[in-house]
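An overview of the molecular structure
Take a look at the letters that make up each chain.
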Amino acid sequence: MTLHLAHTPGFTGSPLERLDHLRDDAEALFALQVEPSAQLLALDGLVPLLDVGGDRLRWLPLASVPAGVELALLGKIDGAPCFVALDPDTGGSAFSGDIRRMMGLLPATDLATYAAARSLVDWHARHPFCAQCGSPTAIFRAGWARRCAACRSEHFPRTDPVVIMLAEYRGSVLVGRQPRFPAGNYSALAGFVEVGESIEEAVARELFEEAGVRATRVRYIASQPWPFPSSLMIACIAEVDGDAITLDVKELEDAMWVSREDVANAVDNVEGARFRCPPPYAIAHTLLRAWLTGA
Ligand SMILES: [Zn+2]
């Protein structure tokens, strides 16, 4: 829930009821699978297929799934049990043009359901073997874990925390661009949280490493799953003690301080804006809008 934000982060707000309490209950799982309303998320690899209207996820009757296909229980939507097929050949596919197009078509709630399904399918495909002993692993807990047949280690879908932040100094915030960005695009700085680090420490470290600015106070704004493959984006604003930038040129091509007017023009896509910012489904967009509204 991010009810305090004017702009809801992308990939959140799924109506999925996750049914954790049934994941170890074989009888209940079987009952869900044979319910007439049981449905399967239609995917082509990891790309969602759309329904006939072209603007919603497509669901197929679960009864149409061939025998032998492994399934994960996503949960229930409007009372209907929802499953996704685990395809061992789908692992590791990246953010693609197909996905970008879908994200412009699907409602936020569908994107959120898709994010959960995509990360889950991708994780299974990339974890057929035990990280502890190298033996094959098998699905358990209705698709929300794998267990090693040899050493009995249990493995769970991973979530990789990433901090994404705006440094703030005297009414301006810092945005940067990587060389791979489209021309004119700038975003909040970001980086993975390392082991043994708090969110605040990761924010301060990344800002200093990438831009040479020192955080004095960090505040949390919002978070968002980013299912490429399984990040959790944690958006923060950090007050810093000066505006001198020392750029890490291995990470960033440029960074600049921008005003409220610059940010307002960027998020509203005004012609002649000083920079272009990421689209509304990216949390950098949410973060910039939150800063404008005083978050
Ligand atoms: Zn093992």
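Please refer to the structure placed before this passage.
Residues numbered from 1 in each chain as written. Predicted model: local features only at pLDDT ≥ 70, side-chain atom pairs only at ≥ 80, totals over all residues. Heavy atoms only, no water.

**Quick notes on the pattern of salt bridges**
Note the threshold: What makes a salt bridge here is a side-chain nitrogen of Lys or Arg within 4 Å of a carboxyl oxygen of Asp or Glu, nothing more. The helix and strand labels rest on DSSP assignments: H or I over at least four residues marks a helix, E over at least two residues marks a strand, and numbering proceeds from the N terminus. Here's how the labels work: a residue is buried when its accessible area is under 20% of the maximum for its type, exposed when over 50%, partly exposed in between, all with a 1.4 Å probe on protein chains only.
Scanning all chains against the criterion turns up 18 salt bridges. A salt bridge links Asp24 to Arg141, with the shortest nitrogen-to-oxygen separation between them at 3.1 Å. You can see Asp24 sitting in the segment before α1 (26-34) and its partner Arg141 sitting in the loop between β7 (137-140) and β8 (145-148), a full 117 residues away along the chain. We classify Asp24 as exposed; its relative accessible area is 57%. With a closest N to O distance of 3.2 Å, Arg219 and Glu168 form a salt bridge. Residue Arg219 is found in strand β13 (residues 215-226), and its partner Glu168 is found in strand β10 (residues 160-169); the two are separated by 51 residues along the sequence. What emerges from the salt-bridge pattern is a single network uniting Glu194, Glu197, Arg205, Glu206 and Glu209.

**Observations regarding the packing of aromatic side chains**
Spelled out, the test is: Each pair of aromatic rings taken from Phe, Tyr and Trp, with Trp reduced to its six-membered ring, is defined by centres within 6.5 Å and is described as stacked if the planes are under 30 degrees apart, edge-to-face if over 60, and tilted in the remaining cases. Ring-over charges, as used throughout, are those where CZ of Arg or NZ of Lys falls within 6 Å of the ring centre and within 35 degrees of the ring normal.
Counting across every chain of the model gives six aromatic pairs. Taking 6.5 Å as the distance between ring centres and 15° as the angle between the ring planes, the aromatic pair formed by Trp226 and Tyr281 counts as stacked. Taken together, the residues span a long stretch of sequence, with Trp226 in strand β13 and Tyr281 in the loop between α5 (260-267) and α6 (283-292) at a distance of 55 residues. With respect to class, Trp226 is no different from Tyr281; both count as buried. An aromatic cluster of at least three residues, connected via ring pairs, comprises Phe11, Trp226, Phe228 and Tyr281. Over the face of the ring belonging to Trp144 we find Arg23, whose NZ or CZ atom lies 4.2 Å from the ring centre. One Lys or Arg, Arg214, reaches over the ring of Phe208 and ends 3.9 Å from the middle of that ring.

**Things to note about the sheet that holds β8**
Going by this rule: Note on pairing: two strands pair once DSSP finds at least 2 bridges between them. Any two residues having at least one pair of non-hydrogen atoms within 4.5 Å are treated as being in contact. Where helices are involved, their axes are fitted lines through C-alpha atoms of the stretch in contact, as for all axes, and angles between N-to-C directions lie from 0 to 180°.
Pairing within the open sheet is antiparallel, and its three strands lie in the order β7-β8-β9. In this open sheet, the two edge strands, each paired with only one partner strand, are β7 and β9 (154-155). Pairing geometry for β7 and β8, over four bridges, is antiparallel. Bridging from a neighbouring strand, Ile139 pairs with Arg146 of β8. Along the sheet, helix α3 (residues 108-126) contacts β7, β8 and β9; its crossing angle with β8, the most-contacted strand, is approximately 15°.

**A short note on the sheet that holds strand β1 (residues 39-41)**
Strands sit in the order β4-β1-β6-β5 across an open sheet of four strands; the sheet is mixed. Each of the sheet's edge strands pairs with one partner strand only, and the pair in question is β4 (59-61) and β5 (71-77). Averaged over all neighbouring strand pairs, the angle between strand axes comes to 35°, with direction disregarded. As defined by bridge partners, β1 adjoins strand β6 (residues 80-85) across two bridges and the pair is classed as parallel. From the neighbouring strand, Gln39 faces β6, where its bridge partner is Cys82. With respect to the sheet, α1 is in contact with β5 and β6, its orientation differing from that of β5 by roughly 70°. Against the sheet, α3 engages β1, β4, β5 and β6, with an angle of about 165° to β5.

**Here's the deal with α3**
How we decide: What a helix is expected to span follows from its residue count: subtract one and scale by 1.5 Å.
Between the first and last C-alpha of α3 there are 27 Å, a value that for 19 residues agrees with the 27 Å anticipated at 1.5 Å per step. Most of α3 is tucked away, with 16 of its 19 residues classed as buried.

**What about the coordination of the zinc ion?**
By definition of the ideal shapes, a tetrahedral metal site with four donors has angles of 109.5 degrees and an octahedral site with six donors has angles of 90 or 180 degrees. Note the threshold: For Na, K and Ca the donor cutoff is 3.2 Å, while for all other metals N, O and S atoms count as donors only within 2.8 Å; water does not appear among the atoms, so some sites may look incomplete. Irregular is the label for any site that misses the other tests, which are tetrahedral for four donors with all angles between 85 and 135 degrees, and square planar for four donors or octahedral for six when opposite donors exceed 155 degrees and the remaining angles lie between 65 and 115.
Protein coordination at the zinc ion comes from Cys130 (SG), Cys133 (SG), Cys148 (SG) and Cys151 (SG), with a distance range of 2.3 to 2.4 Å. What the four donor atoms of the zinc ion show is an angle range of 100 to 115° at the metal, which sorts the shape as tetrahedral. With a relative accessible area of 33%, Cys151 lands in the partly exposed category.

**With respect to the packing of α5 against α6**
Formally: Working rule for angles: under 35 degrees goes down as roughly parallel, over 145 as roughly antiparallel, 65 to 115 as roughly perpendicular, anything else as oblique. Helix crossings are classified by the rotation of the near helix relative to the far one: an anticlockwise turn of less than a right angle makes the crossing left-handed, while a clockwise turn makes it right-handed.
Orientation of α5 relative to α6, taken along the N-to-C sense of each, is 135°, at an axis distance of 10 Å. The pairing of α5 with α6 is recorded here as oblique in orientation. For α5 against α6, the interelement crossing comes out left-handed. Across the interface between the two elements, Arg260, Val263, Ala264 and Val267 from α5 touch His285, Leu288, Arg289, Trp291 and Leu292 from α6.

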